[in-house]
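Structural characterization, general
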Amino acid sequence: MLPNDEKKYAIEVNNLVKSYKNSIKALDGLTFNIRTGIIYGLLGPNGAGKSTTVKILTTLSRPDSGEAKILGIDVTSQPDKIRSLIGCVSQKSGICFDSTGRENLMLQGQLYGMRGNNLKNRVDELLKIFNLEESANRSTLTYSGGMLRKLDIAMGIIHKPQILFLDEPTTGLDPEARSTLWTTISNLSKKEKVTILMTSHYLEEIDRLAECVAIIDQGKVVIEGSPRELKEELEGDIIKIELQKDHSDKILDIEAILEKQKGVKEVMIKNKELKLLVSHSSSILPYILQSIHSLSIDIMSVEIIPPSLDAVYFKYTGKNIEN
Ligand SMILES: Nc1ncnc2c1ncn2[C@@H]1O[C@H](COP(=O)(O)OP(=O)(O)OP(=O)(O)O)[C@@H](O)[C@H]1O
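Thresholds applied
Residues numbered from 1 in each chain as written. Predicted model: local features only at pLDDT ≥ 70, side-chain atom pairs only at ≥ 80, totals over all residues. Heavy atoms only, no water. UniProt positions renumbered as here; feature names shortened; annotations may be inferred. Axes fitted to C-alpha atoms, helices over the stretch in contact; angles between N-to-C directions. Helix = DSSP H or I, 4+ residues; strand = E, 2+ residues; numbered from the N terminus. Parallel < 35°, antiparallel > 145°, perpendicular 65-115°, else oblique. Left-handed = near helix turned anticlockwise from the far one by under 90°. Contact = heavy atoms within 4.5 Å. Nonpolar A, V, L, I, M, F, W, Y, C, P; charged D, E, K, R; others polar. Buried < 20%, exposed > 50% of the residue type's maximum accessible area, 1.4 Å probe, protein only. Near = heavy atom within 4 Å. Polar contact = N/O pair within 3.5 Å; in protein donor to acceptor, adjacent residues only side chain to side chain. Areas by Shrake-Rupley, 256 points an atom, 1.4 Å probe, with all protein chains shown as cover. Disulfide = S-S within 2.5 Å. Phe/Tyr/Trp six-rings, centres within 6.5 Å; stacked < 30°, edge-to-face > 60°. Lys NZ or Arg CZ within 6 Å of the ring centre and 35° of its normal. Core = buried A, V, L, I, M, F, W, Y, C linked by side-chain atoms within 4.5 Å. Pairing = 2+ DSSP bridges.

The name an unreviewed UniProt entry assigns to the protein is ATP-binding cassette domain-containing protein, from the organism Wansuia hejianensis. Comment text from UniProt for the protein, heading Sequence similarities (unreviewed entry), reads "Belongs to the ABC transporter superfamily. Drug exporter-1 (DrugE1) (TC 3.A.1.105) family."

Laid out in structure tokens, this is it:
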């Protein structure tokens, strides 16, 4: 067998099924593999099963059936072994606000059994990597949102885990802090050679950071690939049309007339918003507008969204990520 750090897959998830007591099936045959050393993105609408997956992989929950392995080790039969190999940064901060950044890191290291110079050197190293050296001895109460997220991630990797779980790492940050954190995460993956599984609601974030992404819906992977592959495969644009008013009573007529148009692949209507997945937006747009007018429906605005992860997400889940 190859030594752990040479394993092809850092995470193997095979046919996981998990139902909760209220008989909700959170995972329904979830399967994916994550290559060692990459950043992997898990995307999915609310309730798709992302948190349940992360909980099983981090040994906080058990599946009803199926198998999950971290570096070849089964998560259900050997949870103690798994815990020293992984780091987890959840949305809820683990920072102690009475203490400084350095004290937080020292305490976290001690929880992992680190002591003496080994711990001190690692704390110095992390403060440098995360650009927190100048603020290291200040109370974390004085930190900005971006600094707190960086400290959270630094605490998550104090023990040099081989796998890091990042749950919505930049939620709540302003665009500038988010962009800084993206650079930090990307550098981290390269410098610390850590495999990262991240969940996110920001498609731009996954697009920029993840080498591979799985879109999950209703407990299953619906599509997987690099963001580029997924966008290329889409071969189309989305036309977003806002109507003057809600025409729920005419949904069937709108669908029927638009689906007849050559080049229209999918139609979705929600309240006043109409979204079409089409092959060539510029040539088809005039016919679409004409069809809508022929139903005596007035249009407020039209927007063409070029191939993007948003469009891929919409195609495979029929939903917008922000919803
Ligand atoms: N402890 C629980 N008890 C009962 N049902 C649960 C529990 N945790 C999750 N669920 C249900 O399981 C399904 C999957 O939930 P999960 O939290 O894994 O989804 P998610 O993709 O992480 O969603 P979100 O993006 O909203 O966090 C949902 O229908 C949810 O309501």
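Observations concerning the packing of helix H8 (residues 227-234) against helix H11 (residues 309-317)
Here H8 crosses H11 at 65°, and the two axes come no closer than 9 Å. Relative to H11, the element H8 is oriented roughly perpendicular. In this structure, H8 crosses over H11, and the sense of that crossing is left-handed. Facing Pro227, Leu230, Lys231, Glu233 and Leu234 of H8, the residues of H11 in contact are Leu309, Ala311, Val312, Lys315 and Tyr316. Considered class by class, the residues forming the contact of H8 with H11 number seven nonpolar, no polar and three charged.

Side note on helix H1 (residues 50-57)
Burial within H1 is extensive, with six of its eight residues counted as buried. Buried residues of H1: Lys50, Thr52, Thr53, Val54, Ile56 and Leu57, and no others. Note on H1: the residue one or two positions beyond its end, threonine 59, has a positive phi of about 70°.

Brief notes about the site of the ligand
Taken together, 13 residues sit near the ligand, with Gly47, Gly49, Lys50, Ser51 and Thr52 positioned nearest. The contact in question runs from an oxygen atom of the ligand to an N or O atom on the side chain of asparagine 46, over 3.1 Å. Lysine 50 places a polar side-chain atom, nitrogen or oxygen, 2.8 Å from an oxygen atom of the ligand. For the ligand, whose unbound accessible area comes to 630 Å², protein coverage reaches 64%. It is H1 that provides the largest number of residues to the shell around the ligand, a total of three residues. Of the residues contributing to the shell around the ligand, the split by class is five nonpolar, seven polar and one charged.

Thoughts on unusual backbone geometry
The backbone phi angle of asparagine 15 is positive, close to 55°, even though this residue is not glycine. By the element assignment, asparagine 15 lies in strand S1 (residues 9-19).

Focus on the UniProt feature "domain: ABC transporter" (unreviewed entry) in the protein
Under the present numbering, the feature "domain: ABC transporter" (unreviewed entry) in UniProt falls on residues 11-243. Along residues 11-243 the backbone is 36% helical and 28% strand, and the end-to-end C-alpha distance reaches 46 Å.

Looking at the state of the cysteines
Using the criterion set out here, one finds zero disulfides in the structure. The closest cysteine sulfur to the non-disulfide-bonded cysteine 88 is located on cysteine 96, 19 Å from its own sulfur.

A short note on the packing of aromatic side chains
Enumeration over the complete set of coordinates arrives at one aromatic pair. Centroid distance phenylalanine 32 to tyrosine 40: 5.4 Å. Interplanar angle 20°. Geometry classified as stacked. Considered together, phenylalanine 32 and tyrosine 40 belong to a single accessibility category, that of buried residues. When the ring centre of tyrosine 202 is taken as reference, the NZ or CZ atom of arginine 178 above it lies at 3.7 Å.

Notes on the nonpolar core
Of all hydrophobic cores here, the largest spans 50 residues; its most connected members are Leu105, Phe130, Ile153, Leu164, Leu166, Ile185 and Ile196. Per-element accounting of this core gives the leading share, six residues, to helix H5 (residues 145-156).

Looking at the sheet that holds strand S3 (residues 39-43)
Taken together, six strands build an open sheet; the order of strands is S6-S7-S8-S3-S9-S10 and the sheet is mixed. Pairing within the sheet leaves two strands with one partner each, and these edge strands are strand S6 (86-89) and strand S10 (220-225). The sheet shows a mean angle of 20° between the axes of neighbouring strands, direction not considered. Sheet strands touched by H5: S6 and strand S7 (163-167). Its angle to S6, the strand with the most contacts, is close to 160°. Running at roughly 35° to strand S9 (residues 212-217), H11 makes contact with S3, S9 and S10 of the sheet.

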